[in-house]
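What follows is each chain in one-letter form.
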Amino acid sequence: MGNFSRDTFHPEKGYVGVRLQQGVPLVDADWNEQNDVIRQEVYEGLSAVGADGVPRLPGSSEYAFGLRPTGTANDFEFLAGPAVVGGRPVRLPVRWTRYGSQPWTDPARAARDGAAVLPALTTPGAERFDLVYLDAWEHEVGQAEDPAIVNPVIGVETAVRLKREAAVRVAEGSTTLPAAPEGHWYMPIALLHRTANEAMIRATEIEERRPFLTTGPALRHMSLVPSFHPVALPGHAAWENTVSGPAAGPVASASKPPNVNAFGSLPLLLPQTARLESLSYSGFANGSALTLTLARTAVSPVFDRTSAIIMEESQTYSTGGIPIGRTVSVLPEKRRTNLHVVDNLRYSYVLYARATSSTGGGLALFNLRVDYHS
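About the criteria used
- Residues numbered from 1 in each chain as written.
- Predicted model: local features only at pLDDT ≥ 70, side-chain atom pairs only at ≥ 80, totals over all residues.
- Heavy atoms only, no water.
- Helix = DSSP H or I, 4+ residues; strand = E, 2+ residues; numbered from the N terminus.
- Rg over C-alpha atoms; globule rule 2.2 N^0.38 Å.
- Buried < 20%, exposed > 50% of the residue type's maximum accessible area, 1.4 Å probe, protein only.
- Contact = heavy atoms within 4.5 Å.
- Areas by Shrake-Rupley, 256 points an atom, 1.4 Å probe, with all protein chains shown as cover.
- Lys, Arg positive; Asp, Glu negative; His and termini not counted.
- Charge placed at Lys NZ, Arg CZ, Asp CG, Glu CD.
- Pairing = 2+ DSSP bridges.
- Axes fitted to C-alpha atoms, helices over the stretch in contact; angles between N-to-C directions.
- Expected span 1.5 Å × (residues − 1).
- Arc of directions from axis to C-beta.
- Salt bridge = Lys/Arg side-chain N within 4 Å of Asp/Glu carboxyl O.

**Here we look at the overall build of the chain**
Piece 1. When helices and strands are tallied, the chain shows three helices and 20 strands.
Piece 2. Scaling as 2.2 N^0.38, a compact globule of 374 residues should have a C-alpha radius of gyration of about 21 Å, whereas the chain reaches 29 Å, well beyond that.
Piece 3. Its C-alpha atoms give the chain principal-axis dimensions of about 90 × 60 × 40 Å.
Piece 4. Of all 374 residues assigned to the chain, the portion counted as buried reaches 38%.
Piece 5. In the chain, 72% of the contacts between residues at least 6 apart in sequence involve partners at least 24 apart.
Piece 6. As displayed, the chain has an accessible area near 20,400 Å², and 55% of this comes from carbon and sulfur atoms.
Piece 7. Of the side-chain charges in the chain, 33 are positive and 37 negative, and the distance between the mean point of each set is 9 Å.

**Structural notes on the sheet that holds strand β5 (residues 128-141)**
Piece 1. Taking strand neighbours across the sheet as the criterion, the four strands line up as β6-β5-β7-β8 in an open arrangement whose pairing is antiparallel. On the outer flanks of this sheet lie β6 (161-171) and β8 (206-208), each paired with one strand and no other. When the angles between neighbouring strand axes are averaged without regard to direction, this sheet yields 30°.
Piece 2. Inspection of the sheet shows β5 paired to strand β7 (residues 184-194) by 10 bridges, in the antiparallel sense.

**Observations concerning the sheet that holds strand β2 (residues 67-69)**
Piece 1. Here we have three strands laid out as an open sheet, ordered β2-β3-β4, and antiparallel in their pairing. Edge positions in the sheet fall to β2 and β4 (88-98), since each has one partner strand and no second. Between one strand axis and the next, the sheet turns by 10° as a mean value, whatever way the strands run.

**Regarding helix α1 (residues 28-49)**
Count 3.6 residues to each turn of an α-helix, and residues three or four apart come out pointing the same way.
Piece 1. Between its first and last C-alpha atoms α1 spans 32 Å; for 22 residues at 1.5 Å apiece the expected length is 32 Å, and the two agree.
Piece 2. Among the residues of α1, Ala29, Glu33, Asp36, Val37 and Tyr43 are the ones counted as buried. Buried residues of α1, viewed axially, fall in a sector of 140°; they line one side. Exposed and facing more than 90 degrees away from the buried side of α1 are Trp31 and Val49.

**A word on the pattern of salt bridges**
Piece 1. As enumerated under the stated definition, the model contains 19 salt bridges in all.
Piece 2. For Glu138, the salt bridge goes to Arg39, with nearest N and O atoms at 2.9 Å. A residue pair is termed long-range when its members are at least 10 positions apart, and Glu138 in strand β5 and Arg39 in helix α1 qualify at 99 residues.
Piece 3. For Asp135, the salt bridge goes to Arg169, with nearest N and O atoms at 2.9 Å. Of the two residues, Asp135 is situated in strand β5 and Arg169 in strand β6; the sequence distance between them amounts to 34 residues. Residues Asp135 and Arg169 agree in their burial class; the two are buried.
Piece 4. Each member of the salt-bridge network shares a partner with another, and the members are Arg109, Arg112, Asp113 and Glu145.

These figures come from the coordinates and say nothing about function on their own.
The following block contains the structure:
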């Protein structure tokens, strides 16, 4: 522990700053209280404007602190990374880490860092639910842990440091967070559905409990069910909307039989202010032509009669039942006029699909997806 004269920081007093007066001694208590006041302001501000959670890892679709089995009895791995717990940023090196390999399984290390020992997980004698959670706390670091703290010019440890740690813990037999001791902050990660007398933790036993932070700019994806509404157009029939495949993984698709033209619309509920990037689709085609059009129409044509095409592409596919897969991007001229920015207060958004039989063939569509930036 550091050698402090006294601790004068009490958040319930509501102080937001410390003012040093001239002609008086400079004491450690004032210096340390100023630091604590500033930190408390930051933490309370973060908690007020945003919830705790885990962000997406840079350059990846993964979020931090996901779990996966290890194939070892009573153990699992978690993807360490950044998080916000109790308004406090946690920054761990991004890597897969075994629960049982965390340093606080060692009683001496746990005592040094001011944390409870991480116990080994146990095999349940009956069906059991175990809550996995993140524990964040801070502890002092002195010259015994980091010799570089000592100024070599004077050979004295003039100050200690505060370090924030984070450990993944498990509350066996509980579905709720335990009460956090003073100076610790907890956040749920997952719920394990343990099987009686089974030491191995399977992927199907890991229930997601992480709160996700999605407030920052990012490329996001919206999957669409290709269930097109009929649109009256001479010489065109409605799309046949079907769900097929095994019960464990059915696939929704829209199709048209050979020698039939089809036309339909799919209303879209897009996130407000999203910046549309592209439209992707997959399917099978056999001698058919396909046109996909993403358009917007004014909600109140009394005041605004404008409508516009945001993305559109036409493709003709030869015979042979070939698999198809395309990505259609927003045209540059649409970006310059901000047509790709979603405004649900003024416009509605619809995806139109038209298929014709160029040589009498059929066509099926699935895996529709809209990509956008938040």
